[in-house]
Structure formats: structure tokens, C-alpha cells
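Listed below are the residues making up each chain.
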Amino acid sequence: MGTASEEAVKQLRTLMEDVDDESLRESYRNIHQGYPTETLLRFLKARDYNVHKSHQMLLDCLQWRTQNEIDNILNKPIVPVELYRGIRDSQLVGLSGYSKEGLPVIAIGVGLSTYDKASVHYYIQSHIQMNEYRDRVVLPSATKKQGRPICTCLKILDMSGLKLSALSQIKLMTAITTIDDLNYPEKTETYYIVNVPYIFSACWKTIKPLLQERTKKKIQVLKGCGKDELLKVMDYESLPHFCRREGSGSGRHISNGTTDNCFSLDHSFHKELYDYVHQQALVKGSSAPIRHGSVHVRFPEPDTEGTKIFDTLESEFQKLGNDKA
């Protein structure tokens, strides 16, 4: 960390020490998990080291968390299990393993996620629960194992099956992306994009110039399933199932069952997450029955970059659809 960065962290830390609202302070502790310097650096990076803007961003994040009870979201399970299984089968996200440097590897099936088994609120709740579980359980565990702060992850985005019909999901994807950008900034070290179809290649040429430079540097579009390149940063066992052979795709089920499919509720990661949330609900709620119904989280207003990207993506999808008509 350079001298300018150290000074920015020092200034931001001083500003945060002046926060006297205990609910905000508690939420801040949940965010930094004992590593406030790394957290302050993330918010500073997200606002190009402008201390005033970083401070406002962090305060806005804490207000959003307290107003929407995000600190309690890990004790609010999605029930019944059939509904949760439907969400897992249509919102394809999972933890496939760890990189050689100890960073969690998050796999996302962008192309085959349909988001059609539940309401928008359930998908938002599920997404935030995975974020919070990553930040409060997975990353602290990796930190302990590595003996140094592990505060970021790698993401592998599988574009298999991406179609023009994805246009109907853009509103939900905008909401999810905005929540991440404003409240979980700089949590991803690198994005690896694999199994790229023509439709993505066509849109990528238009979207790439809209990205901020620091975002561009994080994105690597790999050839095919990306296996050879990914094996440079992780072992074979940590590869998502859709990267283990060419043409494997991100199917929801694979030939040897669902235990290797990190999207499945039967995968160890999702079993642990599911059990953790239910245990927390019992601890927090004592003997009270677990309530049905989704958690309604207020969606932050999309930021300029995110709005521009999704507006452009929508326009490009429409053009491709017209060309095919």
C-alpha cells in the first residue's frame, strides 16, 4: 500500500470512528470481520480514493443494511425446501473450490439461469444470503486457513446457453449488480468468462468500452471452457464442472450425479449454507416457527456505469433479435 493509499485509509478510518449510531457500528463490524483496513481500501478503490465519496458510499451502505435488516438475513431461511431447490435450479451460483492462493472460486451459470421459479424478492434474498455467507463464514474460514487476510474471491462466469430470451432478466440482473456495486464493492479479484457463444461476443465489443478501467483489468474472456488457463490459478478439483472438459456446458445435472455440480442444492457448499441459515433461525428465533415469505429488500438506484451497461446490453439484444427476424 502506497503513501497516498495509507493516508486515504487513515482519513477514512478517522471519519468512521466518528459514527456514533450503534446499529451502524454493529453493521460495520459485520462488514469488516476484524479487518477494517482491507474494507476501507475496498470502498476507497470503488471511488478512486476520493475520501469524501468513499465515506458517503460506506455510510449509504450501512444505512441500507440497517434499513433492510441485512445483518439478520442469515437467520431468515427460504422455505419450504422445494421452493429453495427451485431457486437453486434457476439461479445458478455456487462455490467450486479455492485458488492456489486460497481465494474462494465462485461459479455462476449466467447463460442457463432462468430466474423463473420464484419472485424477484426471493432471488434477491438468496443472492444477498450468499454474499453474507461468503463474507461472514467462507472468507473468515479461508483467512484462518491461510494465516493472512482473504477478503476477495475469483468468479467464473459460464455463458453456455445464453440466448436472446435473457433480455427478460435484465431488470433483475441490474438490481443484483447494483446491490453488489454499492454494498459489496471490490470483492472480486478476477472475473473469468468461459464457454462464450456468438451472442456474448457480439455484445462484448459494445459493452467493453463502457467499463471503468479498473473493471476491464479484472475481466478475462477465455477460450472454450477455459480449463488450461484456469489450471494456472487453481487445481483441477476446484474447477467448476462446466470447465472440466470442452463442450461440457453448465448443465444443472451431470453424468455422475449432482455432488460435483456446485449449483446443486445437493452440493456440499449449498448443504452447508442451507443448514447454517436454518441453525441461525433456530438460535435467533428460539422456539418460534420459521416464517414463510420472502424478505423484501429495497433496491438501490442503479449507478451511472451499471445503468449505461444494461441499457446498452438491452439495445444490443434487441438489435440481434431484429437481425434474426
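Placed above this text is the structure.
We now turn to the structure provided with this report. (Residues numbered from 1 in each chain as written. Predicted model: local features only at pLDDT ≥ 70, side-chain atom pairs only at ≥ 80, totals over all residues. Heavy atoms only, no water.)

## Focus on the pattern of salt bridges
Reasoning step 1: For the structure shown, the criterion picks out 13 salt bridges.
Reasoning step 2: Arg65 is paired through a salt bridge with Glu132; the nearest N and O atoms lie 2.8 Å apart. One end of the pair, Arg65, is in helix 4 (residues 51-67); the other, Glu132, is in helix 6 (residues 120-146), with 67 residues separating them in the sequence. Comparing Arg65 with Glu132 shows no difference in burial state: the two are buried.
Reasoning step 3: Salt bridges here are not isolated pairs; linked through shared partners, they connect Asp48, Glu186, Arg214 and Lys218. (Salt bridge = Lys/Arg side-chain N within 4 Å of Asp/Glu carboxyl O. Helix = DSSP H or I, 4+ residues; strand = E, 2+ residues; numbered from the N terminus. Buried < 20%, exposed > 50% of the residue type's maximum accessible area, 1.4 Å probe, protein only.)

## With respect to the side chain of Ser238
Reasoning step 1: Within the element layout of this structure, Ser238 appears in the loop between helix 10 (227-230) and helix 11 (268-285).
Reasoning step 2: Judged by its relative accessible area of 10%, Ser238 is buried.

## Structural notes on unusual backbone geometry
Reasoning step 1: At the junction of Val79 and Pro80, the peptide bond is cis and its omega measures out at 0° in the coordinates.
Reasoning step 2: Examined against the element boundaries, Pro80 turns out to sit in the loop between helix 4 and helix 5 (81-90).
Reasoning step 3: With a phi close to 65°, Tyr49 is a non-glycine residue in the positive phi region.
Reasoning step 4: With respect to the helices and strands, the residue Tyr49 is situated in the loop between helix 3 (36-46) and helix 4.

## Observations concerning the sheet that holds strand 5 (residues 219-221)
Reasoning step 1: Strand order in this open sheet of five strands is 1-2-3-4-5, and the pairing throughout is mixed. Among the strands making up the open sheet, the edge pair consists of strand 1 (93-98) and strand 5. Between one strand axis and the next, the sheet turns by 20° as a mean value, whatever way the strands run.
Reasoning step 2: The pairing of strand 4 (residues 188-194) with strand 5 spans three bridges and is parallel. Along strand 5, the bridge assignment pairs Tyr192 with Gln220. (Pairing = 2+ DSSP bridges. Axes fitted to C-alpha atoms, helices over the stretch in contact; angles between N-to-C directions.)

## Brief notes about the pairing of strand 3 (residues 153-158)
Reasoning step 1: Within strand 3, six of the six residues are buried, which leaves the element mostly enclosed by the surrounding structure.
Reasoning step 2: Side chains Cys153, Lys155 and Leu157 of strand 3 all project onto a buried face; the interleaved residues Leu154, Ile156 and Asp158 project onto the opposite face, where all are buried too.
Reasoning step 3: Relative to strand 3, strand 2 (residues 104-109) runs parallel, the two sharing five bridges. Residue pairing for strand 3: Val105 is matched across the bridge by Leu154.
Reasoning step 4: For the segment spanning strand 2, helix 6 and strand 3, crossover handedness is right-handed.
Reasoning step 5: In this structure, strand 3 lies alongside strand 4, joined through six bridges in parallel fashion. From the neighbouring strand, Leu154 faces strand 4, where its bridge partner is Thr190. (Right-handed = clockwise from strand over helix to strand, strands pointing away.)

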